Amino acid sequence: QVQLVESGGGLVQPGGSLRLSCAASGFAFSSYTMRWYRQAPGKERELVAYISSGGGITGYGESVRGRFTISRDNSENTVYLQMNSLKPEDTAVYYCNVRVDRNYWGQGTQVTVSS
């Protein structure tokens with residue numbers, strides 16, 4: 001079965017960096033676009049970034065463009081999100097997503113940006 005396991009979240013000061021990882025299993029990872037979403041308290045879940053199956057095409061939400069970078073290692077079935085210049089408004093639970101026969105989500109990892 002499809003499994004997505006996020007890691008790498010934590011507490012960081014404004015201006016700091018974190019790298020999130022999402023380990024995937026149960027499907028042909030290298031054949032699918034992968035996405036990162038986030039959800040802050042009281043807000044809707046929003047798309048943060050996506051990366052095509054081969055990694056050649058990436059896209060970002062307007063609020064993170066230029067600060068976050070998505071990448072993937074198809075040999076390790078893992079997708080990453082490098083987050084730099086973090087702001088308090090980046091505080092959210094970050095989720096990994098893949099659309100196979102339906103949407104699949106990981107359990108999420110909490111990112112808190114605070115001094």
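Here, every reference points to the structure presented above.
This report concerns the structure included in the present document. (Residues numbered from 1 in each chain as written. Predicted model: local features only at pLDDT ≥ 70, side-chain atom pairs only at ≥ 80, totals over all residues. Heavy atoms only, no water.)

## Brief notes about the sheet that holds strand 1 (residues 3-7)
Stage number 1. Read from one edge of the open sheet, four strands run 1-3-8-7, paired in antiparallel fashion. Looking at the sheet topology across the chains shown, the edges are occupied by strand 1 and strand 7 (68-73). With direction set aside, neighbouring strand axes in the sheet form an average angle of 15 degrees.
Stage number 2. Relative to strand 8 (residues 78-83), strand 3 (residues 18-25) runs antiparallel, the two being bridged by six bridges. (Pairing = 2+ DSSP bridges. Helix = DSSP H or I, 4+ residues; strand = E, 2+ residues; numbered from the N terminus. Axes fitted to C-alpha atoms, helices over the stretch in contact; angles between N-to-C directions.)

## Concerning the packing of aromatic side chains
Stage number 1. Enumeration over the complete set of coordinates arrives at four aromatic pairs.
Stage number 2. Both rings, one in Phe27 and one in Tyr32, keep their centres 5.7 Å apart while their planes meet at 75 degrees; by these two values the pair is edge-to-face.
Stage number 3. In this structure Tyr32 comes out as partly exposed when scored by relative accessible area, which is 26%.
Stage number 4. Ring geometry for Tyr95 against Trp105: centres 6.4 Å apart, planes inclined by 85 degrees, an arrangement best described as edge-to-face. Pair noted here: Tyr95 is in strand 9 (residues 92-99) and Trp105 is in strand 10 (residues 103-105), with a separation of 10 residues, a long-range link.
Stage number 5. Taken together, the aromatic side chains of Phe27, Phe29 and Tyr32 make up a single cluster linked through ring pairs.
Stage number 6. For Arg45, the ring lying beneath its charged end belongs to Tyr95, and the centroid distance is 3.9 Å. (Phe/Tyr/Trp six-rings, centres within 6.5 Å; stacked < 30°, edge-to-face > 60°. Buried < 20%, exposed > 50% of the residue type's maximum accessible area, 1.4 Å probe, protein only. Lys NZ or Arg CZ within 6 Å of the ring centre and 35° of its normal.)

## Examining the pairing of strand 8
Stage number 1. Along strand 8, five of the six residues are buried, which leaves the element largely enclosed by surrounding structure.
Stage number 2. Summarising the sheet, strand 7 and strand 8 pair through six bridges and their orientation is antiparallel. Within strand 8, the residue paired with Thr69 across the bridge is Gln82.

## Comments concerning the side chain of Glu6
Stage number 1. On the secondary structure map, Glu6 appears in strand 1.
Stage number 2. Buried charge without a partner: Glu6 forms no salt bridge, and the closest opposite charge is Arg45, 7.6 Å away.
Stage number 3. A polar atom in the side chain of Glu6 sits 2.7 Å from the backbone nitrogen of Cys96.
Stage number 4. Within the structure, Glu6 has its side chain in polar contact with the backbone nitrogen of Gly108 (distance 2.9 Å).
Stage number 5. Glu6 has contacts with Ser21, Cys22, Trp36, Tyr94, Tyr95, Cys96, Gly106, Gln107, Gly108 and Thr109, leaving out every residue within four places of it along the chain. (Lys, Arg positive; Asp, Glu negative; His and termini not counted. Salt bridge = Lys/Arg side-chain N within 4 Å of Asp/Glu carboxyl O. Polar contact = N/O pair within 3.5 Å; in protein donor to acceptor, adjacent residues only side chain to side chain. Contact = heavy atoms within 4.5 Å.)

## A closer look at the nonpolar core
Stage number 1. Ranked by size, the top nonpolar core spans 29 residues in total, and within it Leu4, Met34, Trp36, Val79, Leu81, Met83 and Tyr94 carry the most contacts.
Stage number 2. For Tyr94, the contacting residues outside a window of four places in its chain are Glu6, Leu20, Trp36, Tyr37, Arg38, Val48, Phe68, Leu81, Met83, Gly108, Thr109 and Val111. (Core = buried A, V, L, I, M, F, W, Y, C linked by side-chain atoms within 4.5 Å.)

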